[in-house]
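For reference, the chains in residue letters:
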Amino acid sequence: MRRLAYCPYSNFRVGCAILTSTGEVFTGCNVENASYTLTMCAEKVAIGKAVSEGFRKFTAIAVSTDCEDCTSPCGACRQSIREWGNGILIICANKFDAYKAYTMDEILPDSFSPEKLL
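Quick caveat: nothing in here was measured; it's all calculated off a predicted structure.

> Residues and numbers for the packing of aromatic side chains, please.
By the definition in use, this model includes three aromatic pairs. Taken together, a centroid distance of 6.0 Å and an interplanar angle of 80° make the contact between Y9 and Y36 edge-to-face. Taken together, the residues Y9 in the segment before strand 1 (14-20) and Y36 in the loop between strand 2 (25-29) and helix 1 (42-52) connect sequence positions 27 residues apart. Y9 gets classed as partly exposed once you look at its relative accessible area, which sits at 40%. For Y36, a relative accessible area of 59% corresponds to the exposed category. Consider the rings of F58 and W84, whose centres lie 6.0 Å apart with planes at 90°: the pair is edge-to-face.

> Any details on the pairing of strand 1? Residues and values, ideally.
The buried fraction of strand 1 amounts to five of the seven residues, a majority that puts the element mostly inside the structure. Here seven bridges tie strand 1 to strand 3 (residues 58-65), and the two strands are oriented antiparallel to one another. Counterpart to I18 in the pairing with strand 3 is I61. Sheet topology places strand 1 next to strand 2; five bridges connect them, and they run antiparallel. Its bridge partner being in strand 2, G15 is matched across the sheet by C29. The hairpin turn running from strand 1 into strand 2, its antiparallel successor, is four residues long, and G23 in that turn takes a positive phi close to 95°.

> Mind laying out the pattern of salt bridges, listing which residues take part and the relevant values?
Summed over all chains, the structure comprises three salt bridges. With a closest N to O distance of 2.6 Å, D66 and R2 form a salt bridge. Taken together, the residues D66 in the loop between strand 3 and helix 2 (75-82) and R2 in the segment before strand 1 connect sequence positions 64 residues apart. With a closest N to O distance of 2.5 Å, D66 and R13 form a salt bridge. In this pair, D66 is assigned in the loop between strand 3 and helix 2 and R13 in the segment before strand 1, connecting sequence segments 53 residues apart.

Quick notes on the rules
Residues numbered from 1 in each chain as written. Predicted model: local features only at pLDDT ≥ 70, side-chain atom pairs only at ≥ 80, totals over all residues. Heavy atoms only, no water. Phe/Tyr/Trp six-rings, centres within 6.5 Å; stacked < 30°, edge-to-face > 60°. Helix = DSSP H or I, 4+ residues; strand = E, 2+ residues; numbered from the N terminus. Buried < 20%, exposed > 50% of the residue type's maximum accessible area, 1.4 Å probe, protein only. Pairing = 2+ DSSP bridges. Salt bridge = Lys/Arg side-chain N within 4 Å of Asp/Glu carboxyl O.

Note that all results are geometric; they support no functional claim without further evidence.
What follows is the structure in structure tokens.
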């Protein structure tokens, strides 16, 4: 999916896939904008596609970059993932298809969550 990224400013290609609790997969890539704050991260694109199709429960999300290291989601994306549950497995892959897996508690400890508002 990262090959489809639109990133003419950073050349930092990111692809993402999110797995629903019923086995559907939704993908996304980063979409940059000349007004940098309007850039959409791959994770938010994939989540948005799934949510817009009616899905609300997810089991895993995978993020892939062209980096040598396994790059984890940015802070805003970590919080966006957390919105949908604390049990989502986060898998981060590099350009060699090596990966690291994290739990939400590992990647965003003591997170702010919907439960704190309800």
